[in-house]
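# Examination of the molecular architecture
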Amino acid sequence: MVSIHAPAERLIDPYFIQPAATGRASYVIAWCHKAGALRNFKVERISSIYETDEHYTIPAEFNANTLLDNAWDVTIGGKVIEVRLRSRSPEAARLMSETMWHSSQQTRELPDGNVVISLRVTDSREFTSWVMWWGENIEVLEPTELRNRIAEKAARMAAVYS
């Protein structure tokens, strides 16, 4: 596999290892000295490691569960949005009502057999991709910004195939 990015050396203080179902990957949540912030590092992208003589202590206030509470997959940080999605097919209604996609999820059945799920998640590329995965089977009701982003992506995708 050819990398589009040259390897970069980082000094990190690992705090937590997070497995991710998407991509069957694992991530190290660590303090990155270069960025001066917590970052995710995909384990499969790490080409080599070495131990330093430096020692660190994970801050007492670090809590992986709190950090990942609003995360969709493994994205940490970013704007948290309130999302409402409506199913647009019987199959989507069934899947949306029987699956707990996120810990914040609330599901409401509609008289027509469809469902609306409400989520509080970090606005991320992974979440947008998940919404796109549903195709015409769901509709973003809120927020408007996400609805518009999905509509724009769908239009660009349709243009590729026209």
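As a starting point, this report considers the structure included with it. (Residues numbered from 1 in each chain as written. Predicted model: local features only at pLDDT ≥ 70, side-chain atom pairs only at ≥ 80, totals over all residues. Heavy atoms only, no water.)

### Some thoughts on the pairing of strand β4 (residues 80-87)
- Both β4 and strand β6 (residues 115-122) contribute to a ladder of 7 bridges, which runs antiparallel. Paired with R84 across the strands is S118, a residue of β6. (Pairing = 2+ DSSP bridges. Helix = DSSP H or I, 4+ residues; strand = E, 2+ residues; numbered from the N terminus.)

### Quick notes on the sheet that holds β6
- In spatial order, the strands read β5-β6-β4-β7; together these 4 strands make up an open sheet with antiparallel pairing. This sheet does not close on itself; its edge strands, each paired only once, are β5 (106-109) and β7 (138-142). On average, each strand axis in the sheet is inclined to that of its neighbour by 25°, with strand direction left out of account.
- In this structure, β4 lies alongside β7, joined through 4 bridges in antiparallel fashion. Looking at the pairing, L85 lines up with V140 of β7.
- Strand contacts of helix α2 (residues 90-98): β4, β5, β6 and β7, with the helix running at about 135° to β4, the strand carrying the most contacts. (Axes fitted to C-alpha atoms, helices over the stretch in contact; angles between N-to-C directions. Contact = heavy atoms within 4.5 Å.)

### A word on helix α3 (residues 125-133)
- Among the residues of α3, F127, T128, W130 and V131 are the ones counted as buried. For α3, the angular spread of the buried residues around the axis is 160°, confining them to a single face. When the buried face of α3 is taken as reference, the exposed residues oriented beyond 90 degrees from it are R125 and W133.
- Looking at the buried residues of α3, the elements they touch are β4, β6, β7 and α4 (144-161).
- Of the residues one or two after α3, G135 is the one with positive phi, at around 60°. (Buried < 20%, exposed > 50% of the residue type's maximum accessible area, 1.4 Å probe, protein only. Arc of directions from axis to C-beta.)

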